Amino acid sequence: MVFVPLVESENASLAILIFACISFGCYSSHPWLICQTLAGPAAAGRWSGMQNAVGNLAGVIAPWLTGRIVRDTGHFMYAFAVVGVILGVGAASYLLIIGRIEPIIWRPKIFSA
């Protein structure tokens, strides 16, 4: 996506955006699967809810940040660059931080009387 504002041809720009959207679509179910696999049946609902809440913050921050960048610089290129950096950090974190994906073994709660 970083290359979209750098390409002179509108068709090439559109092709890059379409490719990016298709790639995101192919990936978008994986975080939910990972979350549910890690949490297991005991906590999948809570984990999914938290993931959804934090994930939706991007829907609030991205338009504001994009508008701020365009207002301050007068170019969308910098907004695309910020998106590219954030996507790169996210991809690197998946490659470097996330290990084997297997359910967490939860200890049962012990209630004392």
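Keep in mind that what you see is a predicted model, and the values were worked out from it rather than measured. (Residues numbered from 1 in each chain as written. Predicted model: local features only at pLDDT ≥ 70, side-chain atom pairs only at ≥ 80, totals over all residues. Heavy atoms only, no water.)

**Considering the packing of helix 2 (residues 30-55) against helix 3 (residues 57-73)**
Viewed as axis vectors pointing N to C, helix 2 and helix 3 meet at an angle of 10 degrees, and their least axial separation amounts to 4 Å. If you check the angle between helix 2 and helix 3, you find them roughly parallel. Taking contact as the criterion, the partners of Ala53, Val54 and Gly55 in helix 2 are, on helix 3, Leu57, Ala58 and Gly59. Of the residues that constitute the contact of helix 2 with helix 3, the class distribution is four nonpolar, two polar and no charged. (Axes fitted to C-alpha atoms, helices over the stretch in contact; angles between N-to-C directions. Helix = DSSP H or I, 4+ residues; strand = E, 2+ residues; numbered from the N terminus. Parallel < 35°, antiparallel > 145°, perpendicular 65-115°, else oblique. Contact = heavy atoms within 4.5 Å. Nonpolar A, V, L, I, M, F, W, Y, C, P; charged D, E, K, R; others polar.)

**Observations concerning a nonpolar patch on the surface**
Together, Tyr27, Tyr94, Leu95, Leu96, Ile97, Ile98 and Ile101 line one region of the surface with nonpolar side chains, adding up to about 750 Å² of accessible area. Here the nonpolar patch takes three residues from helix 4 (residues 77-96), the largest share from any one element. Mapped onto the fold, Leu95 is located in helix 4. (Patch = residues over 30% accessible without salt bridge, like charges linked within 9 Å, V, L, I, M, F, W, Y side chains within 5 Å. Areas by Shrake-Rupley, 256 points an atom, 1.4 Å probe, with all protein chains shown as cover. Salt bridge = Lys/Arg side-chain N within 4 Å of Asp/Glu carboxyl O.)

**A closer look at the side chain of Ser48**
As for its position among the elements, Ser48 is in helix 2. Ser48 has contacts with Trp32, Cys35 and Gln36, leaving out every residue within four places of it along the chain.

**Notes on helix 1 (residues 10-27)**
Within an α-helix, residues lying three or four positions from one another point in the same direction, as the helix has 3.6 residues per turn. Here helix 1 contains 18 residues, and its C-alpha end-to-end distance of 26 Å stays within 8% of the 26 Å for a straight helix at 1.5 Å per residue. Measuring from the backbone nitrogen of Asn11 back to the side-chain oxygen at the start of helix 1 gives 3.2 Å, which picks out Ser9 as the cap. (Expected span 1.5 Å × (residues − 1). Polar contact = N/O pair within 3.5 Å; in protein donor to acceptor, adjacent residues only side chain to side chain.)

**Re helix 2**
The end-to-end C-alpha distance of helix 2 is 14 Å, clearly below the 38 Å that 26 residues give at a rise of 1.5 Å each. Of all the bends in helix 2, the largest measures some 135 degrees and sits at Gly40, one to four residues before the proline Pro41. Every buried residue of helix 2 is accounted for by Pro31, Ile34, Cys35, Ala39, Gly40, Ala43, Ala44 and Ser48. Along its buried surface, helix 2 packs onto helix 1 and helix 4. (Bend = angle between axes of the 7 residues up to and from the residue. Buried < 20%, exposed > 50% of the residue type's maximum accessible area, 1.4 Å probe, protein only.)

**A look at the pattern of salt bridges**
Counted under the stated rule, the structure contains two salt bridges. Measuring nitrogen to oxygen at the nearest pair gives 3.4 Å for the salt bridge that ties Arg68 to Asp72. Of this pair, Arg68 and Asp72 both sit in helix 3, four residues apart, which is roughly one turn of that helix. Through salt bridges that share partners, Arg68, Arg71 and Asp72 make up one connected network.

**What to know about the confidence of the model for the protein**
In the predicted model, the protein carries a mean pLDDT of 84, and the fraction of residues at 70 or more is 94%. Taken element by element, the protein is modelled with least confidence in helix 1, mean pLDDT 83, and with most confidence in helix 3, mean pLDDT 94. (pLDDT = per-residue confidence, 0-100.)

**Focus: the environment of Arg107**
Along the chain, the position of Arg107 falls in the segment after helix 4. With 32 residues separating them along the chain, Arg107 and His75 place their C-alpha atoms 53 Å apart.

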